[in-house]
Amino acid sequence: MDNNNNDKVIMISQKKLIIGVVSVIAVIAIIAAIALSTMGVGASGNTNNRGIGLEKSVAVALADAGYQQNQVTDLRSNFDKEDGVDVYEIEFTAGNYEYEYTVKAADGSILESEIKTPDGKLLDLPENGDIGLEKAKSIALAHAEVKAGDVEFSKTKKDFDDGMAIYELEFFKKTSSKITEYDYEIHVATGEVIKFSKEVKNITTNQGNTTGTTQKPSGSTSSGSQNSGSTGSTSSGSQNSGSTGSNSGSNQPSSNYIGVDKAKSIALKNAGVSSSAATFTKAKLDRDDGVYEYEIEFIANGMEYEYNIDATTGDILDWECDQMDDDDWDDD
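These numbers come from a predicted model, not from an experiment.

Parameters and conventions
- Residues numbered from 1 in each chain as written.
- Predicted model: local features only at pLDDT ≥ 70, side-chain atom pairs only at ≥ 80, totals over all residues.
- Heavy atoms only, no water.
- Helix = DSSP H or I, 4+ residues; strand = E, 2+ residues; numbered from the N terminus.
- Buried < 20%, exposed > 50% of the residue type's maximum accessible area, 1.4 Å probe, protein only.
- Contact = heavy atoms within 4.5 Å.
- Areas by Shrake-Rupley, 256 points an atom, 1.4 Å probe, with all protein chains shown as cover.
- Pairing = 2+ DSSP bridges.
- Axes fitted to C-alpha atoms, helices over the stretch in contact; angles between N-to-C directions.
- Patch = residues over 30% accessible without salt bridge, like charges linked within 9 Å, V, L, I, M, F, W, Y side chains within 5 Å.
- Salt bridge = Lys/Arg side-chain N within 4 Å of Asp/Glu carboxyl O.
- Lys, Arg positive; Asp, Glu negative; His and termini not counted.
- Charge placed at Lys NZ, Arg CZ, Asp CG, Glu CD.
- Expected span 1.5 Å × (residues − 1).
- Arc of directions from axis to C-beta.

Asks: For the overall build of the protein, give the residues involved together with the corresponding values.
Replies: A count of helical and extended segments in the protein gives six helices and 12 strands. Looking at the protein as a whole, 31% of its 332 residues qualify as buried. In the protein, of all internal contacts separated by at least 6 residues, the share reaching a separation of at least 24 is 42%. Accessible area for the protein stands at about 20000 Å²; split by element, carbon and sulfur atoms hold 46% of it.

Here you go:
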């Protein structure tokens, strides 16, 4: 009998132990479920792995905007629920615009997107996220301040620049004395001018002298013009020394030149930038292919501008504008 009683005691103790272990496991499971519920996820894992995952949802938004991750700033993303649907919310800044996306976690489809301008207004985007080639051309022409009937397009194509969807446009305007070439990159979705440049090329005359270049003095002798760059070889040569050899390689200003301050104001006006907003990194007189010109460079609003301006006429010979890197300074 004693053995039977002992066996019963042991069995009861084992049952109590099992019940206790099961109870502890149940409590742990309940606590875990509550914790997961509070986090907004199920037992399948954390929010970053819900559906397509946080990383892929960011990639979806960036691809739609036409940017790579290293091209944007202030990137923020989080998991959320909207009307019972699991979504990822992605925000970032690129090209002075603020982008906001809502991506469905289950399949990566974009439920909502909007772009805000620098002044906080919503940008009215086309339904398919593409402004179209004709709109891009009109934006470039308006920016260049030329009419469609006065130019001829040499390149119009949709392309990608470092992962960014752009329209690449090239066109030129021709007159009797010069050809002006324009290059533009227009953002496919926003119509923003990403990059642009302008170059003026003078047309060569039948005499072989390029329009606008310094002419040889009419009084120089054949031997004087061929063998020496010095002035005074003849009487008439000395009278014309101001435009030939004596100034060769010199950056000395002439009374006929517009001056560096005027050149700077011409560049600022063309760029649409106020003097207070610009920081000049170069402003000097130089000579290129016999033509004296002012080299003007400045930065403003995150953009870098470069201008070559004819020292005598004030004509803009060529200019270029590009987005500026933090370390992209030129102190020449």
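Asks: Outline the pairing of strand β3 (residues 97–104), supporting the account with residue identities and numerical values.
Replies: Inspection of the sheet shows strand β2 (residues 85–94) paired to β3 by eight bridges, in the antiparallel sense. Paired with Ile 90 across the strands is Tyr 101, a residue of β3. Between β2 and the antiparallel strand that follows it, β3, lie two residues; Gly 95 among them carries a positive phi value of about 60°. Across six bridges, the pairing between β3 and strand β4 (residues 110–116) is antiparallel. Paired with Glu 100 across the two strands is Glu 114, which belongs to β4.

Asks: Go over the sheet that holds β2 with me, naming the residues and quoting the values.
Replies: The four strands lie next to each other as β1-β2-β3-β4, forming an open sheet whose pairing is antiparallel. In the strand order of this sheet, the two ends are held by β1 (73–82) and β4, each with one partner. Here the average twist between neighbouring strands, direction ignored, is 15°. Across the sheet, helix α2 (residues 54–65) is in contact with β1, β2, β3 and β4; its angle to β2 comes to roughly 50°.

Asks: Give a description of a negative patch on the surface that names residues and reports values.
Replies: There is a patch of like negative charges on the surface, built from Asp 80, Glu 82, Asp 83 and Glu 112. Along the polypeptide, Glu 82 turns up in strand β1. Overall, Glu 82 belongs to the partly exposed group, its relative accessible area being 30%.

Asks: Any chance you could break down helix α3 (residues 133–144) for me, citing the residues and the numbers?
Replies: Its 12 residues place the ends of α3 17 Å apart at the C-alpha level, agreeing with the 16 Å of an ideal helix rising 1.5 Å per residue. Regarding α3, the residues found buried are Ala 136, Lys 137, Ala 140, Leu 141 and Ala 144. Across the axial projection of α3, the buried residues extend over an arc of 135°, all falling on one side. Along α3, the residues that are exposed and aim more than 90 degrees away from the buried face are Glu 134 and Ala 142. Those residues of α3 hidden inside the fold are in contact with β5 (152–161), β6 (164–174) and β7 (178–187).

Asks: Outline α2, listing residues and values.
Replies: One turn of an α-helix holds 3.6 residues; hence residues three or four places apart share an orientation. For α2, built from 12 residues, the straight-helix expectation of 16 Å at 1.5 Å per residue is met to within 8% by its first-to-last C-alpha distance of 17 Å. Looking only at α2, the buried set comprises Leu 54, Ser 57, Val 58, Ala 61, Leu 62 and Ala 65. Viewed along the axis of α2, the buried residues span an arc of 135°, placing them on a single side of the element. Exposed side of α2, more than 90 degrees from the buried face: Glu 55, Lys 56 and Ala 63 are the residues found there. Packing partners of the buried residues in α2 comprise β1, β2, β3 and β7. Phi turns positive, to about 85°, at Gly 66, one or two residues after α2.

Asks: Help me get a handle on the pattern of salt bridges, residues and values and all.
Replies: A complete count under the given rule lists 12 salt bridges for this structure. Close ionic contact of Arg 50 with Asp 86 constitutes a salt bridge, the shortest N to O distance being 3.0 Å. Here Arg 50 is found in the loop between α1 (2–39) and α2, whereas its partner Asp 86 is found in strand β2, with 36 residues between them in sequence. According to the relative accessible area criterion, Arg 50 is partly exposed, its value standing at 22%. Residue class for Asp 86 comes out buried when judged on its relative accessible area of 15%. For Glu 91, the salt bridge is made with Arg 76, and the minimal N-O distance between the two is 2.6 Å. Residue Glu 91 is found in strand β2, and its partner Arg 76 is found in strand β1; the two are separated by 15 residues along the sequence.

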